[in-house]
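# Structural description and commentary
Each chain, written out:
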Amino acid sequence: MKIKWLGHASFMITSDSGIRIITDPYEPEEDLTYSRINETADIVTVSHEHGDHNAVAAVGGSPQVVRKATEAKGIEFKDIPTYHDDTGGSKRGSNTILCFEVDGVNVCHMGDLGHVLSNEQVTGLGKVDVLLIPVGGFFTIDARAASQVCDHLKPRVIIPMHYKNDKCAFPIAGVDEFLRGKNNVTRLDSSEVEFKAGELPASTQIMVLKPAR
């Protein structure tokens, strides 16, 4: 299976059989200048109803939209209700973590998680192979909190998202803040990486992708 970072919190996950899942599609705006999404998908996931995460109409192919636990195209989606802030949702509302298995690889997309996870939430998530996690802070957890979440979940692969770069001018931190002091980092000269069940890293690896859009 392949994971391609389109930009921001949007990824395209493609199964070996060709099923395409796009997470949290965005619409370009003044401070978010990733190119418009032009990929088609079978499934689109939405973690919360903000315009840089729920632009379902931007995705072609008449995809099935997943916002909570369900089955779509033979893939089971598990949800963990969370918040977009650390005040129980009073500032920015709710957020849904969505986890799903593709070709034996368990993927977990954290959306715009705004707080560290409770023990109950960590248990509910279960085994995580690939963690797609926001690290920029301000609107989401920051580098320190993201590191705590990663330590609790112990995924095989961490792919950071939702951080400042030359296509995202939000008042958030860049990825280097999250990477500081960590030695298990690979910066790929690509937007896409391939994973196979049984061949994942033995210890946690952070993989920094280049945005495709």
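Everything in this summary refers to the structure shown in the same document.

Basis of the calculations
Every residue gets a number counted from 1 within its own chain, in the order that chain's sequence is written. Residues qualify for local features only when their pLDDT is at least 70, as the model is predicted, and side-chain atom pairs are given and counted only at 80 or more; totals for whole chains, interfaces and linings, by contrast, use all residues. Calculated side-chain values reflect all of the structure's heavy atoms, with hydrogen atoms and water omitted. Buried Ala, Val, Leu, Ile, Met, Phe, Trp, Tyr and Cys residues form a nonpolar core when they are joined through side-chain atoms within 4.5 Å. When accessible area is computed with a 1.4 Å probe and restricted to protein chains, residues below 20% of their type maximum are described as buried, those above 50% as exposed, and intermediate ones as partly exposed. In DSSP terms, a helix is any run of H or I states spanning at least four residues, a strand is any run of E spanning at least two, and both are numbered starting from the N terminus. Whether two residues touch is decided by their heavy atoms; if any such pair falls within 4.5 Å, the residues are in contact. A strand pair is defined by DSSP finding two or more bridges across the two strands. Call a crossover right-handed when, viewed with both strands pointing away from you, the route from the first strand across the helix to the second goes clockwise. Angles run from 0 to 180 degrees between N-to-C directions of axes, and those axes are lines fitted to C-alpha atoms, restricted for helices to the stretch in contact. When a carboxyl oxygen of Asp or Glu is within 4 Å of a side-chain nitrogen of Lys or Arg, the pair counts as a salt bridge.

The next subject is the nonpolar core. Of all hydrophobic cores here, the largest spans 69 residues; its most connected members are Ile3, Met110, Ile133, Ile159 and Phe195. Broken down by element, the residue count for this core peaks at six residues, all from helix α2 (residues 143–153). With sequence-adjacent residues up to four places away left out, Ile3 is seen in contact with Phe11, Met12, Ile13, Val107, Val130, Ile159, Ser191, Glu192, Val193, Phe195 and Leu209.

Attention now goes to the pairing of strand β10 (residues 130–134). Most of β10 is tucked away, with five of its five residues classed as buried. Burial along β10 is two-sided: the residues Val130, Leu132 and Pro134 and Leu131 and Ile133 are all buried. Bridge count between strand β9 (residues 105–109) and β10: three bridges; the pairing is parallel. When the sheet's bridge partners are listed, Val107 is paired in β10 with Val130. Handedness of the β-α-β unit built from β9, helix α1 (residues 119–125) and β10 comes out right-handed. Summarising the sheet, β10 and strand β11 (residues 157–161) pair through five bridges and their orientation is parallel. Paired with Leu131 across the bridge in β11 is Ile158.

As a further point, take the sheet that holds strand β2 (residues 10–14). Where strands meet in a sheet, backbone hydrogen bonds hold them as pairs that are either parallel or antiparallel. The six strands lie next to each other as β5-β4-β3-β2-β1-β13, forming an open sheet whose pairing is mixed. With one partner strand each, in any of the chains shown, β5 (64–66) and β13 (192–194) form the two edges of the open sheet. This sheet shows a mean twist of 20° between the axes of neighbouring strands, independent of strand direction. Across three bridges, strand β3 (residues 20–23) lies against strand β4 (residues 43–45) in parallel orientation. By the bridge assignment, Ile22 is partnered in β4 with Val44.

What follows is about the pattern of salt bridges. Pairs can form between side chains of opposite charge once their charged atoms are near each other. Taken as a whole and assessed by the stated rule, the structure comprises six salt bridges. With a shortest N-O distance of 3.8 Å, Lys127 and Asp129 are connected by a salt bridge. On the basis of relative accessible area, Asp129 is assigned to the buried category, the value being 2%. When the shortest N-O distance is used, the salt bridge between Lys210 and Asp189 registers 2.5 Å. Here Lys210 is found in the segment after β14 (205–208), whereas its partner Asp189 is found in the loop between β12 (185–187) and β13, with 21 residues between them in sequence.

On to α2. Along α2, the residues classified as buried are Ala143, Ala145, Ala146, Ser147, Val149, Cys150 and Leu153. One or two residues past the end of α2 sits Lys154, with phi positive at roughly 50°.

Taken in spatial order, the eight strands of this open sheet run β6-β7-β8-β9-β10-β11-β14-β12, and their pairing is mixed. Each having just a single partner strand, β6 (70–72) and β12 make up the two edges of the open sheet. Direction aside, the axes of adjacent strands within the sheet are offset by 25° on average. Relative to strand β7 (residues 75–83), β6 runs antiparallel, the two sharing three bridges. Each bridged residue has a counterpart across the sheet, and for Ala72 the counterpart in β7 is Ile75. Where α2 meets the sheet, its contacts fall on β10 and β11, and the angle it forms with β10 comes to roughly 160°.

Interpretation in functional terms is not warranted from these geometric data alone.
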